[in-house]
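Geometric and topological summary
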Amino acid sequence: MKSKNEQTITKAFARLAEVKHYNMLGFLKSLMPEAVQFALDFHEMGPDPHGGHLESGGNYGWMIVYNGQVVDTEVYTTENNEGDVREQLTSILPRLRKTGYVGVVMAGMRFPTYFSVDFEEAVMDATIQNTIQNFHQYFKKL
């Protein structure tokens, strides 16, 4: 009898862990495109607008990492311009923590395209603050 109870409890915890994992991935997958859209909107319409980010060769992307492994990624750019954001996302993998969930939003920019590092950092800072403020819209208690 004890063995069957232990098995039932073990299976229940395994199911709970699986539900948590897939919910976390779902929450992140809904959050990441919104974070990129906020960054693009801030870029185009923020307090110091810089129009045409994507049209001038820039690009944005996001990546979800779980336990050091890429789970999903998406790139936003114009037609025929893959840009370098995918390579930039991949290149930061060694610097990310190896346990848990990590979501990364990245702006890709290539030289000799003109850009202001200070402005791009302001875009990313505003995106981070917006994500923190709206965190509860994407992540719910299970």
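Please read all numbers here as calculations on a predicted model, not as lab measurements.

A closer look at the overall build of the protein
The helix and strand inventory of the protein stands at four helices and three strands. Listed N to C, the secondary structure of the protein is α-β-β-α-β-α-α in terms of helices and strands. For the protein, with 142 residues in total, the buried portion stands at 34%. Put simply, 62% of the contacts in the protein that link residues at least 6 apart link residues at least 24 apart. Entry remark: accessible area of the protein is about 9,200 Å², with carbon and sulfur atoms responsible for 57%.

A closer look at the confidence of the model for the protein
Here the protein averages 82 in pLDDT, and 84% of its residues register 70 or above. Within the protein, the lowest mean pLDDT, 77, falls on helix 4 (residues 135-138), and the highest, 92, falls on strand 2 (residues 69-76).

Description of the pairing of strand 2
Of the strand pairs in this sheet, strand 1 (residues 59-66) and strand 2 are connected by seven bridges, and their pairing is antiparallel. By the bridge assignment for strand 2, Tyr66 is matched with Gln69. Where strand 1 folds back on strand 2, the antiparallel hairpin that results is connected by two residues, among which Asn67 adopts a positive phi of roughly 50 degrees.

Examining the nonpolar core
What tends to happen in soluble globular proteins is that the nonpolar side chains get buried as a cluster. Of all hydrophobic cores here, the largest spans 22 residues; its most connected members are Leu28, Val36, Tyr60, Trp62 and Val105. Breaking this core down by element, the ones donating at least two residues are helix 1 (2-45), strand 1, strand 3 (101-108) and helix 3 (117-133). Of all hydrophobic cores here, the second largest spans 11 residues; its members include Val85, Leu89, Ile92 and Leu93.

Thoughts on the sheet that holds strand 2
Sheets are built from strands that pair by backbone hydrogen bonding, the pairs being arranged parallel or antiparallel. One open sheet accounts for three strands, arranged 2-1-3; its pairing is antiparallel. Taken across any chain shown, the strands that pair with only one partner, and hence form the sheet edges, are strand 2 and strand 3. The average undirected angle you get between the axes of adjacent strands in this sheet is 15 degrees. Two strands pair when backbone bridges link them, and strand 1 and strand 3 are joined in this way by eight bridges, in the antiparallel orientation. Looking across to strand 3, one finds that Tyr66 is bridged to Tyr101.

A word on the layout of surface pockets
Within this model, the largest pocket holds a volume of roughly 360 Å³. Around the largest pocket, the lining is made up of 17 residues, and of these Leu31, Met32, Gly103, Val104 and Thr131 lie nearest the centre. If you list the elements that add at least two residues to the lining of the largest pocket, you get helix 1, strand 3 and helix 3. In terms of residue class, the lining of the largest pocket is built from 14 nonpolar, three polar and no charged.

What counts and how
Residues numbered from 1 in each chain as written. Predicted model: local features only at pLDDT ≥ 70, side-chain atom pairs only at ≥ 80, totals over all residues. Heavy atoms only, no water. Helix = DSSP H or I, 4+ residues; strand = E, 2+ residues; numbered from the N terminus. Buried < 20%, exposed > 50% of the residue type's maximum accessible area, 1.4 Å probe, protein only. Contact = heavy atoms within 4.5 Å. Areas by Shrake-Rupley, 256 points an atom, 1.4 Å probe, with all protein chains shown as cover. pLDDT = per-residue confidence, 0-100. Pairing = 2+ DSSP bridges. Core = buried A, V, L, I, M, F, W, Y, C linked by side-chain atoms within 4.5 Å. Axes fitted to C-alpha atoms, helices over the stretch in contact; angles between N-to-C directions. 1 Å grid on protein atoms, 1.4 Å probe; cavity = no way out; pocket = protein on both sides within 12 Å on 5 of 7 lines; lining within 4 Å. Points joined across faces, edges and corners; volume = space filled by probe spheres on them. Nonpolar A, V, L, I, M, F, W, Y, C, P; charged D, E, K, R; others polar.

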